Amino acid sequence: MRVNVFMQIGFVSAESGQGRAKNVRNILLKNSVNIMLCAICWWAVGYAFAYGKTAGGLLGISHFFSDGETFDSKPWFFTWTFCLSAVTIASGCLAERTHLFVYPVYTAVVSIVVHPVVAHWVWGKDSWLNSRVGSPCRFLDFAGGAVVHIVGGLTGLIGAILCGPRMGRFEDGVQKDIPGHDVSSVSLGSLMLWFGWFGFNCGSTYIYMSDGGPAASSAVSRVALNMTLCASAAGMTSLVLASLLSGGSAGTFDLGVCCNGLMAGLSASTANVGFITPWASCITGTLAGLLYVASSRLLVRLGIDDPLDSSAIHCGSGLLGVVISGFLARPSYVRSMVDKNCGGLVYGMNGGTQLGMQLLGKYCRISGRNGFGGKRGGRVMTLWGGLRRWVKSDPWGSYVVRRLLVTIAWTALWSILAFSTLKRFQLLRVDQQTELAGIDNMEHGGPAYPEFLQRVQSSRTGF
């Protein structure tokens, strides 16, 4: 479990390296504030909402302030690192132009309202998703592809859109790169995150297989292998593809793209790493690398400034990993983890039903009471035709779809509410003078590298 916390060092290192030298103190401080406040919120309320005794399948209502918690099946410390990761992911999207006050606000919202509720729906045995759907399958999210990465990535994306791009990022319809100040920190941070991810995914195996034994040990080894292959395939794919797109055989090989592609593969693996085989992990990683490069370029085309590409890395890859389970989840692995006789579409064991669960669950963590089953020959129809017939013929289905429309927007709703309120009171973005001079110089008592500033000043005065 301690390895999970090491991921925060990787996040901070990667984000500070991607930022400019004039904002490093701000980046370091805001991440420290996020960690401390998230711990308090998760202890007081978040853990209870996520893993307490359910109230109508919507959220937990026990173990506030850890009262009566035995810390057996869902350790507080381990689950806190999941919530913390979602919070940290969003911070990268907002770097270099937002007030420090923004981070405690959205940290509290994500730690109390957004992540805990989604975690309860996806992982709670008595949640409305897992107890009411009436399906032989359940929504699969091994270690937080939806609960962590979609929540964090979407929160950050909405914040970046409402905050607007950094000054100089887009001028006269032309995008201009704003390189970070330390590529070595980016590379080291990415490798530290990779190391920490083993605790994230491998540790989650023991949540599913709490009895331990040889079966659990074998599953942990498989999870570690799958995660390594997925990350490697994604990093290599993104590196080569970006090079080809930058100029064919004469293109450059971008270390930053390689690091981000690596993390995209890790994010995708989080959703399905315990349910798929090694060859399926290679496919997932390759697709994650392709999707990251495409998503990153799409954000630029749309004029959205995400300094770390956090939304492209985490939200896009989280979605991909969730969907891949619907195609490639191996039935024996699903059965050993969640005790459901389901598998991906390629295996034919309730494959259409499982894929339908994944496609709906990635948005709202909900499916229909009667499922989307059918005989093997009609599996494909369950993705759309079955859903349409179900909604028309089943009054409960119509009710669930109405709930679906509300639940789809859960993360987006709270993110829009938080960031738009801050923007309304002019608390979201720093003023132009502060952004140009650097947040460190205006709000934190000076730069993180005073020697560097002294050398610049000396070169300007000729001394």
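Within each chain, residues carry numbers counting from 1 in the order of the written sequence. With pLDDT at 70 or above as the cut-off, local features in this predicted model cover only qualifying residues; side-chain atom pairs require 80 or more to be listed or tallied, and sums for whole chains, interfaces and linings still use all residues. Think of the side-chain values as coming from all heavy atoms in the structure, minus any hydrogens and water.

Draft legend 1. Seen up close, the overall build of the chain. Elements are defined by DSSP. Helices are runs of H or I of four residues or more, strands are runs of E of two residues or more, and each kind is numbered from the N terminus. Helix and strand content of the chain: 19 helices and 4 strands. Buried residues are those whose accessible area, probed at 1.4 Å on protein chains only, stays under 20% of the maximum for their type, while exposed residues exceed 50% and partly exposed ones sit between those limits. A buried classification covers 56% of the 463 residues belonging to the chain. Taking the intrachain contacts of the chain between residues at least 6 apart in sequence as the baseline, contacts between residues at least 24 apart amount to 76%. Note that accessible areas follow from Shrake-Rupley with a 1.4 Å probe, and for residues the cover is restricted to the protein chains shown. When the accessible area of the chain is evaluated, it comes to approximately 19100 Å², of which 64% is carbon and sulfur surface. We call two residues contacting when some pair of their heavy atoms lies within 4.5 Å.

Draft legend 2. Representation of the nonpolar core within the structure. Definition of nonpolar core: a set of buried residues of the types Ala, Val, Leu, Ile, Met, Phe, Trp, Tyr and Cys, connected through side-chain atoms within 4.5 Å. Residues Tyr 106 and Phe 275 are the most contacted members of the largest nonpolar core, which totals 86 residues. With 12 residues, the single largest contributor to this core is helix α4 (residues 102-123). Leaving out residues up to four positions away in the same chain, Tyr 106 has contacts with Asn 34, Val 87, Ala 90, Ser 91, Leu 94, Thr 155 and Phe 419. Residues Ala 234, Ala 280, Ala 288 and Leu 320 belong to the second largest nonpolar core, which totals 8 residues.

Draft legend 3. Region of the structure containing the packing of helix α7 (residues 183-208) against helix α8 (residues 213-247). Contact pair α7 / α8: the axes reach a minimum separation of 9 Å and the direction vectors enclose 145 degrees. Between α7 and α8 the crossing geometry is right-handed. Taking contact as the criterion, the partners of Trp 194, Trp 197, Phe 198, Asn 201, Cys 202, Thr 205 and Tyr 206 in α7 are, on α8, Ala 216, Ser 217, Ala 219, Val 220, Val 223, Ala 224, Met 227, Thr 228, Ala 231 and Ser 232. Note that Gly is not counted as nonpolar here; it falls among the polar residues with everything else outside the nonpolar set of Ala, Val, Leu, Ile, Met, Phe, Trp, Tyr, Cys and Pro and the charged set of Asp, Glu, Lys and Arg. Across the contact of α7 with α8, the residue classes break down as 12 nonpolar, 5 polar and no charged. Interaxial angle, 0 to 180 degrees, is taken between N-to-C directions of lines fitted to C-alpha atoms, where a helix line uses only the stretch in contact. Working rule for handedness: look at the near helix, and if it is turned counterclockwise from the far one by less than a right angle, call the crossing left-handed; if clockwise, right-handed.

Draft legend 4. Focus on the packing of aromatic side chains. The pairing test for Phe, Tyr and Trp rings, Trp by its six-membered ring, is centres within 6.5 Å, and the orientation test on the planes gives stacked under 30 degrees, edge-to-face over 60, and tilted for anything in between. Under the criterion given, the structure shown has 19 aromatic pairs. Their ring planes at 40 degrees and their centres at 6.0 Å tell us that Tyr 106 and Phe 419 sit as a pair that is tilted. With Tyr 106 in helix α4 and Phe 419 in helix α16 (residues 410-424), this pair connects stretches of sequence that are 313 residues apart. Arg 222 extends its terminal NZ or CZ atom over the ring of Tyr 333, reaching a point 3.6 Å from the ring centre. Look at NZ for Lys and CZ for Arg. If either is within 6 Å of the ring centre and within 35 degrees of the ring normal, a charge sits over the ring. Between Arg 330 and the ring centre of Tyr 333, over which it is positioned, the NZ or CZ distance is 5.1 Å.

Draft legend 5. Representation of unusual backbone geometry. Phi angles above zero are rare outside glycine, and Asp 309 is one such case at about 60 degrees. Tracing the chain through its elements places Asp 309 in the loop between α10 (278-301) and α11 (310-328). By relative accessible area, which is 13% here, Asp 309 ends up buried. Positive phi values are uncommon outside glycine, yet Asp 339 reaches one of about 55 degrees.

Draft legend 6. Looking closely at the side chain of His 149. Here His 149 shows up in helix α6 (residues 145-163). In protein, a polar contact means a hydrogen-donor-capable atom and an acceptor-capable atom, both N or O and within 3.5 Å, with residues adjacent in sequence counting only if both atoms are side-chain atoms; elsewhere, any N or O pair within 3.5 Å suffices. Among the polar contacts made by the side chain of His 149, one reaches the side chain of His 314 at a distance of 3.0 Å. Discounting residues that sit within four places of it in the chain, His 149 has contacts with Ile 89, Gly 144, Trp 197, Ser 267, Thr 270, His 314, Cys 315 and Gly 318.

Draft legend 7. Looking closely at the pattern of salt bridges. We define a salt bridge as a contact between a side-chain nitrogen of Lys or Arg and a carboxyl oxygen of Asp or Glu at a distance within 4 Å. As enumerated under the stated definition, the model contains 7 salt bridges in all. A salt bridge links Glu 96 to Arg 20; the nearest nitrogen and oxygen atoms lie 3.2 Å apart. Remark: Arg 20 occurs in the loop between α1 (2-18) and α2 (24-51) and Glu 96 occurs in the loop between α3 (76-93) and α4; sequence separation between them is 76 residues. The class of Arg 20 is buried, set by a relative accessible area of 18%.

Draft legend 8. Quick look at the side chain of Asn 260. Relative to the helices and strands, Asn 260 is located in helix α9 (residues 255-272). For Asn 260, a relative accessible area of 5% gives the class buried. Setting aside residues no more than four positions away along its own chain, Asn 260 makes contact with Gln 18, Tyr 292, Leu 308, Asp 309 and Ile 313.

Draft legend 9. Representation of the state of the cysteines within the structure. Here, the term disulfide refers to a pair of cysteine sulfur atoms separated by no more than 2.5 Å. Enumeration according to the criterion identifies 0 disulfides in this entry. With no disulfide of its own, Cys 83 lies closest to Cys 38 among cysteine sulfurs, the gap being 3.8 Å. Cysteine Cys 93 remains unbridged, with the sulfur of Cys 315 as its closest cysteine sulfur at 9.2 Å.

Draft legend 10. Broad picture of the packing of α3 against α4. Put simply, α3 and α4 touch, their axes get as near as 9 Å, and they point 130 degrees apart. With respect to their mutual orientation, α3 and α4 come out oblique. When you trace α3 past α4, the crossing you get is right-handed. In contact with Phe 82, Cys 83, Ala 86, Val 87, Ala 90 and Ser 91 of α3, α4 contributes Tyr 103, Tyr 106, Thr 107, Val 110, Ser 111, His 115 and Trp 123. Grouping the constituent residues of the contact of α3 with α4 by class yields 9 nonpolar, 4 polar and no charged. Oblique is the label for any angle not under 35 degrees, not over 145, and not in the 65 to 115 range, which are roughly parallel, roughly antiparallel and roughly perpendicular in turn.

Draft legend 11. Geometry of the confidence of the model for the chain. The predictor attaches a confidence to each residue, and that confidence, scored 0 to 100, is pLDDT. In the predicted model, the chain carries a mean pLDDT of 84, and the fraction of residues at 70 or more is 81%. Within the chain, no element has a lower average pLDDT than helix α15 (residues 395-408), which sits at 40, and none a higher one than α10, at 97. Overall, residues 389-406 carries pLDDT values under 50, and its contacts beyond four positions in sequence, including any with other chains, amount to 21 contacts.

Draft legend 12. Here's a closer look at α16. Its 15 residues give α16 an end-to-end C-alpha distance of 21 Å, which sits within 8% of 21 Å, the value for a rise of 1.5 Å per residue. For α16, every residue scored as buried is listed here: Trp 410, Thr 411, Ala 412, Ser 415, Ala 418, Phe 419 and Leu 422. A positive phi of about 55 degrees marks Gln 426, the residue just after α16. Under the convention used throughout, the expected extent of a helix is 1.5 Å for every residue step, that is, one less than its residue count.

Draft legend 13. Expanded view of a nonpolar patch on the surface. A cluster of nonpolar residues, Trp 279, Ile 283, Leu 287, Leu 290 and Val 346, forms a patch on the protein surface that exposes about 430 Å² of accessible area. By the element assignment, Val 346 lies in the loop between α12 (331-338) and α13 (351-364). Here, patches come from residues exposed beyond 30% relative accessible area and free of salt bridges, joined within 9 Å for like charges and within 5 Å for nonpolar side chains (Val, Leu, Ile, Met, Phe, Trp, Tyr).

Draft legend 14. View of empty space enclosed by the protein. Detection works on a 1 Å grid of protein atoms alone, calling trapped sets that fit a 1.4 Å probe cavities and calling open sets with protein on both sides within 12 Å along at least five of seven lines pockets, with lining residues defined by an atom within 4 Å of a point. Grid points are joined across faces, edges and corners, and a volume is the space filled by probe spheres set on the points. The full count for this structure, using the stated rule, is 2 cavities of 30 Å³ or more. What the largest cavity holds in volume is close to 140 Å³. Residue lining of the largest cavity: 14 residues in total, with Phe 11, Met 263, Leu 308, Ser 310 and His 314 positioned closest to the centre. When contributions to the lining of the largest cavity are tallied by element, the ones reaching two or more residues are α1, α3, α9 and α11. Ranked by the residues each element gives to the lining of the largest cavity, the list is headed by α1, at 4 residues.

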